[in-house]
Amino acid sequence: MTEFATISPKRMAMRRFLSHKAAVGSCVLLAIMVVAVILAPISARYGVNESVRKPPNTFLPPQKLAWFGTDDIGRDLYSRLIYGIRVSLIIGLFTAVISTVIGCVVGAVAGFRGGRFDDVVMRVTDLFLAFPFLVALLVIRNTMGSIGWLTAIIGDKSSVRFIVFLLAFFGWMGVARIVRGQVLALKEREFIEAARAVGATRRYIVRHHLLPNSIGPIMVSLSFAVVGAITAESTLAFFGYGPQAGDGATSLGILVGAAKGAVQTGYWWIAVFPCFALVLISLAINFIGDALRDATDPRLDRGE
Amino acid sequence: MLRFTIRRLAWAVPTLLLVTFLVYVALRLGTDPLQSYLRTNPRASKEKIEQYKSVNGLSSNYVLGYFHWLKNFVTFNWPRSIKGSREVWPELKDAMANTIRLGTFATVVGVSIGLFVGMFAALKPGSRRDVAVNTGAFLGVSIPPYITAVLFQLVFAVYWSRWFGKTLFPTSGVYPPGHIGFNLVLMLKHMALPMMVVAIQVIATYSRYMRSSLLDVMNSDFMRTARSKGISERQVLLKHGVRNALIPVVTIAALDIGSIIGGLIISENIFAYPGMGLYFLDSFTNGDFPLLMPWMVLVVASTLMFNLIADVSYAFLDPRIRLD
């Protein structure tokens, strides 16, 4: 008997992913960041709101006392960065998961049902995707924040929870589109027909055939949703509409926003380090998303 | 073709009305126009307040209020801004002119460089230049525009003059303070940095689109046929390759207007460039309803228009697409 070297699609995807060096590096980098962020009380040298020493301590350039320098009221930028990344990662992850779940449900239903529902959903999605994101975000932020019963559930305008829900409200459309496309493509395939022939319900088909078969694109859009949420949060915070957790807690956006005022005076560290951290995170997750796309797309057979 | 366009146009009107109604409701809930009026004009008399409410259509019934506002809007009986009671149209017009100038400049520069670079990369997939373009585009997409803007400011507003003794590009406004009249060189210099911030995004997006689109086309059968007919490589590329590759790119281009406006808002804000973006952020922060609504109508209308252009141009460029 001849032996064929067969591997399961899952292992093949894994192997492909691991061959993408930048993505593996990004995973390591993110893992380090996550550990640092979880251990924030240890890895940060000072508290979020603690100044490095007695005045004069404002705008100290990077030095042994404060590795990344200090800000306008003498707080250590390095420690604040760690706390800021913590908030930003939380926002990114939660938003991405919530919006992906909503997107999957809406996309699957729209693609599977078709008809009027599909038309309306896709029209709305198109319009939202075409409209300037920042404008919609700001307007809907204020609107959602002023509806009493809604803020009772999702928190005050300046809370992290509110930002998560706000961004999730915007984030599902891209996912919905992708899932819908997948479902439309899969719907007519023989195995779905077979499932239908043996009497599977719609719900069963969607849950056991359509969604698992779209897991690749869903994972990819999930990873891009994380970046999307982190950048969106920082954009909001940059313009002063972000989360304003008490006690000087911070996020990447707030830190980058502080840079806006500081650059004119030449305190470069206040601009450079937070910007660098944000770009690094965004690059790392984008790399992972790209590698996931390459790894899970069976059409991209690179003859390995 | 014509029927399709007309039908889509006919649809655009109710959509515009519906979306502006939603915007009206959202702004009334979100910015509370009456409160912000009272905040900026604490000593306004009763009649003034009544007049403000009536001319803006701020009745307690949102549907009636909307139509009231719409009537005033269409008949060009626009309310004045809450702060300083300025006329809205001249301000909006100036902002629009500035932004259209900046936006067109950035888009033209960005799209042409982006398409060219994407083409350049796609011709030799996997080569060193392909990798370079890919990495560059990847960086461009990953770096949010305000970070580029802040770093540009740091370099050009502070360090350039420190290193080279003179400023290369000014970092705020359209003209230096106090300047009167038209001066192309000065204007371009002031536009350079905000333009670059937006253009980097555009270049990155378009080079990616163009590259993948052209790669798809290159692998199709008709390219092989064209080559086997003995047409010169150049002709194959331009007549068969690029032409077909542009079809999806054009569609995306028209749909991309939202992100370009978003980039403009950010860039204008950071470089204090008096365009639509700055106008929006200022009036939004003040809750200036009379200033905000016309802006919103314009943006919604242009979004819808570009959506329409995308659909129509797609159908126009690709005869394989059957309309209706």
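Computed from a predicted model, the values in this text were never measured in an experiment.

Some points on the overall build of chain B
1) Next: When helices and strands are tallied, chain B shows 13 helices and zero strands.
2) Next: Listing each helix as α and each strand as β along chain B from the N terminus yields α-α-α-α-α-α-α-α-α-α-α-α-α.
3) Next: Over its C-alpha atoms, taken along the principal directions, chain B stretches across nearly 80 × 65 × 35 Å.
4) Next: A buried classification covers 38% of the 324 residues belonging to chain B.
5) Next: Nonlocal contacts in chain B, meaning residues at least 24 apart in sequence, comprise 73% of its contacts between residues at least 6 apart.

Overview of the overall build of chain A
1) Next: A count of helices and strands for chain A gives 13 helices and zero strands.
2) Next: If you list the helices and strands of chain A from N to C, you get α-α-α-α-α-α-α-α-α-α-α-α-α.
3) Next: With the principal axes as the frame, chain A shows a C-alpha extent of 75 × 60 × 30 Å.
4) Next: Considering chain A as a whole, with its 304 residues, one finds that 44% of them fall into the buried category.
5) Next: When contacts within chain A are restricted to residue pairs at least 6 apart in sequence, those whose partners lie at least 24 apart make up 69%.

Let's talk about the environment of Ser161 of chain B
1) Next: Among the structural elements, Ser161 of chain B can be located in helix α7 (residues 145-164).
2) Next: Excluding its chain neighbours within four sequence positions, the residues that come into contact with Ser161 of chain B are Lys166 and Thr167 of chain B.

Quick word on the interface of chain A and chain B
1) Next: Residue-level contacts link 33 residues of chain A with 32 residues of chain B.
2) Next: Every element with two or more residues in the side of chain A that touches chain B is listed here: α5 (115-130), α6 (133-146), α11 (215-238), α12 (252-262) and α13 (268-296) of chain A.
3) Next: Considering each element in turn, the side of chain A that touches chain B owes the most residues, nine residues, to α6 of chain A.
4) Next: Here the residues of the side of chain A that touches chain B are counted per class, giving 21 nonpolar, 10 polar and two charged.

Digging into the packing of α12 of chain A against α13 of chain A
Residues and elements named next belong to chain A.
1) Next: Where α12 meets α13, the axes come as close as 8 Å, and the angle between the chain directions of the two elements is 145°. Along this stretch, α12 crosses α13, giving a crossing that reads as left-handed. Touching Leu252, Leu255, Val256, Ala258, Ala259 and Ala262 of α12 are Ile270, Ala271, Pro274, Cys275, Ala277 and Leu278, all from α13.
2) Next: Of the residues assigned to the contact of α12 with α13, the class counts are 12 nonpolar, no polar and no charged.

Overview of unusual backbone geometry
Across the chain, the bulk of peptide bonds are trans and the bulk of non-glycine residues have phi less than zero.
All names here are of chain B.
1) Next: In this model, Phe76 sits at a positive phi of 60°, which is unusual for a non-glycine residue.
2) Next: Along the chain, the position of Phe76 falls in the loop between α4 (62-74) and α5 (88-123).
3) Next: For Ala272, which is not glycine, the phi torsion reads 45° and is therefore positive.
4) Next: Turning to its location among the elements, Ala272 is positioned in the loop between α11 (257-270) and α12 (276-286).
5) Next: The exposed category is assigned to Ala272, around which 12 C-beta atoms lie within 10 Å.

So, the confidence of the model for chain B
1) Next: Considering every residue of chain B, the mean pLDDT works out to 84; 98% of them sit at 70 or more.
2) Next: As a predicted assembly, this complex carries a pTM of 0.84 together with an ipTM value of 0.82.

Brief notes about the packing of α11 of chain A against α12 of chain A
Two measures define how a pair of helices packs: the angle their axes make with one another and the distance between the axes.
All names here are of chain A.
1) Next: Look at α11 against α12: their axes get within 7 Å of each other, and the N-to-C directions meet at 45°. When the axes of α11 and α12 are compared, the pair comes out oblique. Where α11 crosses over α12, the handedness of that crossing is right-handed. Residues Ile230, Glu233, Ser234, Thr235, Leu236, Ala237 and Phe238 of α11 form the contact with α12, whose own contacting residues are Leu252, Gly253, Ile254, Val256 and Gly257.
2) Next: By residue class, the composition of the contact of α11 with α12 is seven nonpolar, four polar and one charged.

A look at the nonpolar core
1) Next: Counting residues in hydrophobic clusters, the biggest one holds 156 residues, and the most contacted among them are Leu81 and Val256 of chain A together with Val150 of chain B.
2) Next: Here this core takes 16 residues from helix α8 (residues 184-218) of chain B, the largest share from any one element.

A few points about the environment of Met119 of chain B
All names here are of chain B.
1) Next: As for its placement among the helices and strands, Met119 is situated in helix α5.
2) Next: A count of 21 C-beta atoms within 10 Å places Met119 in the buried class.
3) Next: For the pair Met119 and Arg208, spaced 89 residues apart in sequence, the C-alpha to C-alpha distance is 9.5 Å.
4) Next: Sequence-distant contacts of Met119, that is, excluding residues within four places in its chain, are made with Met210, Leu214 and Val242.

Section: the environment of Ser99 of chain A
Residues and elements named next belong to chain A.
1) Next: Relative to the helices and strands, Ser99 resides in helix α4 (residues 77-113).
2) Next: For Ser99, a count of 28 C-beta atoms within 10 Å corresponds to the buried category.
3) Next: Counting along the chain gives 130 residues from Ser99 to Ala229, while the straight-line C-alpha distance between them is 9.9 Å.

Definitions and cut-offs
Residues numbered from 1 in each chain as written. Chains lettered and ligands numbered in written order. Predicted model: local features only at pLDDT ≥ 70, side-chain atom pairs only at ≥ 80, totals over all residues. Helix = DSSP H or I, 4+ residues; strand = E, 2+ residues; numbered from the N terminus. Buried ≥ 20, exposed ≤ 12 C-beta atoms within 10 Å, placed from the backbone. Contact = placed C-beta atoms within 7 Å. Nonpolar A, V, L, I, M, F, W, Y, C, P; charged D, E, K, R; others polar. Axes fitted to C-alpha atoms, helices over the stretch in contact; angles between N-to-C directions. Left-handed = near helix turned anticlockwise from the far one by under 90°. pLDDT = per-residue confidence, 0-100. Parallel < 35°, antiparallel > 145°, perpendicular 65-115°, else oblique. Core = buried A, V, L, I, M, F, W, Y, C linked by C-beta atoms within 7 Å.

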